[in-house]
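# A closer look at the structure
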Amino acid sequence: MHANAKLCGLCYAQIDSPVGPLLLVGDDAGLRKLEFMKGRREVIPDPSWREDVRPLREAIRQLRAYFAGKLENFDLPLAPEGTPFQRSVWKLLCEIPYGETISYGELARRVGNPKASRAVGLANGSNPIAIVIPCHRVIGSNGKLTGYGGGLPLKEKLLALERRQLTLL
């Protein structure tokens, strides 16, 4: 992050992307949020945040490379806010290889509680850093796509991009 990020508290930037407008929020600790501005609910910047693209430049650069099919693994400091259980689920999401999917049941097994599919699903759904923490790589046990904050067509697009079946840029 940029040296001045600490001075501005939480900084944000809105960017256009092939999957619609995105809102990025971060500070000196790292990227805190990456949300679809036109997902399930409208996302607007908090009035206490300051618009400043500088601390988010690297995240924006990596997102553009990802959408161009040139980046498979993000290398950014992340600072998502959540419970210890949510953070453990989000950490495991980052271990799902690019272009692959796993079921909620498998993710629950990896968390260490095979019966926690529902809790894992809720943690997955509350992921504050979409795309970078790849919650789109989790699917139903029957192989069908299930809920996604940006909508199922968007989840389908991201998975097709990662399987090299779709070019977004």
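Rules used in this analysis
- Residues numbered from 1 in each chain as written.
- Predicted model: local features only at pLDDT ≥ 70, side-chain atom pairs only at ≥ 80, totals over all residues.
- Heavy atoms only, no water.
- Buried < 20%, exposed > 50% of the residue type's maximum accessible area, 1.4 Å probe, protein only.
- Helix = DSSP H or I, 4+ residues; strand = E, 2+ residues; numbered from the N terminus.
- Arc of directions from axis to C-beta.
- Contact = heavy atoms within 4.5 Å.
- 1 Å grid on protein atoms, 1.4 Å probe; cavity = no way out; pocket = protein on both sides within 12 Å on 5 of 7 lines; lining within 4 Å.
- Points joined across faces, edges and corners; volume = space filled by probe spheres on them.
- Salt bridge = Lys/Arg side-chain N within 4 Å of Asp/Glu carboxyl O.
- Pairing = 2+ DSSP bridges.
- Axes fitted to C-alpha atoms, helices over the stretch in contact; angles between N-to-C directions.

Moving on, we come to helix H2 (residues 84–93). Within H2, the full set of buried residues consists of Gln86, Val89, Trp90, Leu92 and Leu93. One face of H2 carries all of its buried residues, which in axial projection span an arc of 160°. In H2, those exposed residues whose orientation departs by more than 90 degrees from the buried face are Pro84 and Lys91. If you follow the buried residues of H2, they end up packed against helix H3 (104–111), helix H4 (117–125) and strand E6 (138–139).

A positive phi angle, close to 70°, is found at isoleucine 131, a residue other than glycine. Here isoleucine 131 lies in the loop between H4 and E6.

One number sums up the size of the second largest pocket: a volume of about 150 Å³. Lining the second largest pocket, in full, are Glu72, Asn73, Phe74, Asp75, Leu76, Leu78, Cys94, Ile96, Ile131, Val132, Pro134 and Arg137.

Tallying each qualifying case throughout the model produces eleven salt bridges. Put simply, arginine 164 and glutamate 72 hold a salt bridge, and the shortest N to O gap is 2.7 Å. You can see arginine 164 sitting in the segment after helix H5 (152–162) and its partner glutamate 72 sitting in the loop between helix H1 (57–67) and H2, a full 92 residues away along the chain. On the basis of relative accessibility, which here comes to 49%, the residue arginine 164 falls in the partly exposed class. Using a relative accessible area of 36% as the deciding quantity, one classes glutamate 72 as partly exposed. Residue glutamate 95 is joined to lysine 91 by a salt bridge in which the shortest nitrogen-to-oxygen separation is 3.6 Å.

What follows concerns the sheet that holds strand E2 (residues 22–27). Strand order in the open sheet formed by four strands is E3-E2-E1-E4, with mixed pairing between adjacent strands. Only two strands of the sheet have a single neighbouring strand rather than two, namely strand E3 (30–36) and strand E4 (50–51). One ladder, built from five bridges, connects strand E1 (residues 11–15) with E2; its direction is antiparallel. Across the sheet, the residue bridging to tyrosine 12 is valine 25, located in E2. Packing of H1 onto the sheet brings it into contact with E1, E2 and E3, and relative to E2 it is tilted by some 145°.

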